[in-house]
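# Structure at a glance
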Amino acid sequence: MTSIPVSSPASLAVFRRILTHGPLGRVDISRATGLSQAAVTKAVTPLLSAGFVVETDIDRAAPSIGRPVNPLAIAAHRAHIVGIKVTADRTYGVLTDLGANVLARAERANASPAVEDVVAAAVDILSSLRTSSEAAIDGVGAAVSGDVDRTRGIVRDSPLLGWRDVPLAAQLEAEMGIPVILENDVRALTVTQLFFGAGRDADSFAVVTVGTGVGCGLYLNGKVVQGSHGVAGEIGHLPLGPAHARCSCGRLGCVEAVASTAAIVNSVRKDKKDPTLEASDVFALAHAGDASAHKAFERAGGMIGLALATLVNLVGPSTVIIAGENVTEYELYEKHLRATFAEHAFGTASECEIVLRPHNFDDWARGAAACVIETIASGGSVTSPVKQHLN
Ligand SMILES: [Zn+2]
């Protein structure tokens, strides 16, 4: 089982800095971690011996003044991870290395959203990805929308999949024979941004996803927020919408009841009295300047802006990263999003930067892989949390 051969906080901080910011000179690591250069060298020695970190060649073409000597980099090939993203109709998978670089991808249609059919699709994806690599797979990450208990490996409630209390990590592990880490999909995306994206240098940030649902992952004061009961950052279910709007979760007045893809499509179907319209039709209508499609996107944008202002007023992140399938349609709702955000963000909270990170289903799957990398980088080997509980 893959695990880094260090466990002290200093060594873990050094490994993490190299993973997220490498290649880096020892001086830079020392500056970033607050450790002495001697302490950095001590921390790095076992990582070099075990092959998790390598000394790279000096870039002789670069200017020599102040250049670090033999920068340290992660040995990306040292681990191979499969990340799986589950949706109701399809399952997506990527094979990555330790640096979360995507080496191969695969996807399968689910025979149905039933757990056994999704597990079968995931197993099929794993076999397909295995053939594209000689290396053994060190761990599997699985990302599912909804209320997910990562510690116990259980999907407690996923309205989009219609699942309740599904021990998915154990079921996947039994079929795959590889340790599985299960995480909520938006929190998985937050981990990717924290380690490999726009959140690398932020003290606190939020990832807000806009698409099938409206989700939010939070990184505050050095931690990805899990919530005492596993629920946190569910801005899609803030009751900021009209009282009559029914949400996929069954409640009334949720943000998602106005701002999800389904809500936008339903609104245009109703307006045009055409129940056959699909999401792609509605997007095309909006881009062509259709008034009712435009109105639906503007309402969604205003609702998301309201939700963002609520979020920012509550927890004060320095950056909000907007991601999700509907980011490609961002121009249709950006103006209204920014207007309601500016109207309701309190004081200096309005200085919070809103950035866009378009992504697709492979990026969701990469997020699941990043959760396994996070576990490796935390000094824990990828062992099944479910097994730990049973033992
Ligand atoms: Zn809801």
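Since the model is a prediction, treat every value here as computed from it, not as a measurement.

### Section: the layout of surface pockets
- Considered as a void within the structure, the largest pocket measures approximately 840 Å³ in volume.
- Those elements giving two or more residues to the lining of the largest pocket turn out to be strand 3 (80-86), strand 4 (90-97), strand 8 (154-158), helix 6 (185-196), strand 11 (205-210), strand 12 (214-220) and helix 12 (361-377).
- Looking at the lining of the largest pocket, the element that brings in the most residues is strand 12, giving five residues.
- A breakdown of the residues in the lining of the largest pocket according to their chemical character gives 17 nonpolar, 15 polar and eleven charged.
- Its boundaries defined by the atoms lining it, the second largest pocket holds a volume of some 680 Å³.
- Together, 29 residues line the second largest pocket, and Ala257, Ala262, Ala263, Ile264 and Asn266 are the ones closest to its centre.
- Breaking the lining of the second largest pocket down by element, the ones donating at least two residues are helix 7 (256-259), helix 8 (261-272), helix 9 (279-287) and helix 10 (291-315).

### Some remarks on the domain arrangement of the protein chain
- Here the protein chain is partitioned into domain 1 (9-62 + 71-77), domain 2 (79-189 + 362-389) and domain 3 (200-356).
- The distance between the C-alpha centroids of domain 1 and domain 3 comes to 39 Å.

### Here we look at the environment of alanine 188
- Position of alanine 188 among the secondary structure elements: in helix 6.
- Sequence spacing of alanine 188 and aspartate 363 is 175 residues, and the spatial spacing of their C-alpha atoms is 9.9 Å.
- Contact partners of alanine 188, with chain neighbours within four places excluded, come to Ala143, Glu183, Gly367, Ala368 and Cys371.

### Points about the side chain of serine 145
- Looking at where serine 145 falls in the secondary structure, it is placed in the loop between strand 6 (139-144) and strand 7 (147-149).
- Residue classification places serine 145 among the buried positions, given a relative accessible area of 14%.

### What to know about the sheet that holds strand 8
- With antiparallel pairing, three strands are arranged side by side in an open sheet as 7-8-9. With partners counted over all chains shown, the strands left at the sheet margins are strand 7 and strand 9 (163-166), one partner each. The mean inter-strand angle of the sheet, taken between neighbouring strand axes irrespective of direction, is 15 degrees.
- As paired strands, strand 7 and strand 8 are joined by three bridges and run antiparallel to one another.

### Quick word on the coordination of the zinc ion
- Within the protein, the zinc ion binds to His237 (ND1), Cys247 (SG), Cys249 (SG) and Cys254 (SG); these donor distances fall in the range 2.0 to 2.3 Å.
- One can describe the donor arrangement at the zinc ion as tetrahedral, given that its four donor atoms subtend angles of 102 to 117 degrees at the metal.
- Sequence spacing of the donors to the zinc ion: H-x9-C-x1-C-x4-C. Of the two residues, histidine 237 is situated in the loop between strand 13 (223-224) and helix 7 and cysteine 249 in the loop between strand 13 and helix 7; the sequence distance between them amounts to twelve residues.

### Details of the packing of aromatic side chains
- The tally for this structure, following the rule as stated, stands at seven aromatic pairs.
- With centroids separated by 6.0 Å and ring planes inclined at 45 degrees, the aromatic side chains of phenylalanine 195 and phenylalanine 196 adopt a geometry described as tilted.
- For phenylalanine 195, a relative accessible area of 2% corresponds to the buried category.
- Taking the centre distance of 5.7 Å and the plane angle of 50 degrees together, the rings of phenylalanine 283 and phenylalanine 297 count as tilted.

### Some remarks on the pairing of strand 6
- Within strand 6, six of the six residues are buried, which leaves it mostly tucked inside the rest of the structure.
- Going residue by residue along strand 6, you find Gly139, Gly141 and Ala143 tucked away on one face and Val140, Ala142 and Val144 tucked away on the opposite face as well.
- Bridge count for strand 3 against strand 6 is five bridges, and the pairing is parallel. Directly across from isoleucine 81, in strand 6, lies its bridge partner glycine 139.
- Of the strand pairs in this sheet, strand 6 and strand 10 (residues 180-184) are connected by five bridges, and their pairing is parallel. Of the residues in strand 10, the one forming a bridge with glycine 141 is isoleucine 181.

### Comments concerning helix 9
- The complete set of buried residues in helix 9 reads Val282, Phe283 and Ala286. For helix 9, the buried positions fall inside an angular range of 100 degrees around the axis, keeping them on one side.
- In the stretch just after helix 9, glycine 289 is the one whose phi turns positive, near 95 degrees.

### Thoughts on the nonpolar core
- With 48 residues, the main nonpolar core has Ile4, Phe15, Ile18 and Leu98 as its most contacted residues.
- At the level of secondary structure, the elements contributing two or more residues to this core comprise helix 1 (9-21), helix 3 (37-49), strand 2 (72-74), helix 6, strand 11, strand 14 (319-323) and helix 12.
- Tallying contributions element by element places helix 12 first for this core, with nine residues.
- Sequence-distant contacts of phenylalanine 15, that is, excluding residues within four places in its chain, are made with Ile4, Leu47, Phe52, Val53, Ile74, Leu98 and Ala377.
- The next biggest cluster of nonpolar side chains, apart from the first, holds 40 residues, and it includes Leu220, Ile235, Leu277 and Ile304.

The rules behind each value
- Residues numbered from 1 in each chain as written.
- Predicted model: local features only at pLDDT ≥ 70, side-chain atom pairs only at ≥ 80, totals over all residues.
- Heavy atoms only, no water.
- 1 Å grid on protein atoms, 1.4 Å probe; cavity = no way out; pocket = protein on both sides within 12 Å on 5 of 7 lines; lining within 4 Å.
- Points joined across faces, edges and corners; volume = space filled by probe spheres on them.
- Helix = DSSP H or I, 4+ residues; strand = E, 2+ residues; numbered from the N terminus.
- Nonpolar A, V, L, I, M, F, W, Y, C, P; charged D, E, K, R; others polar.
- Domains from an automatic or database assignment.
- Contact = heavy atoms within 4.5 Å.
- Buried < 20%, exposed > 50% of the residue type's maximum accessible area, 1.4 Å probe, protein only.
- Pairing = 2+ DSSP bridges.
- Axes fitted to C-alpha atoms, helices over the stretch in contact; angles between N-to-C directions.
- Donors = N, O, S within 2.8 Å, 3.2 Å for Na, K, Ca; no water.
- Tetrahedral: all angles 85-135°; square planar, octahedral: opposite > 155°, others 65-115°.
- Phe/Tyr/Trp six-rings, centres within 6.5 Å; stacked < 30°, edge-to-face > 60°.
- Arc of directions from axis to C-beta.
- Core = buried A, V, L, I, M, F, W, Y, C linked by side-chain atoms within 4.5 Å.

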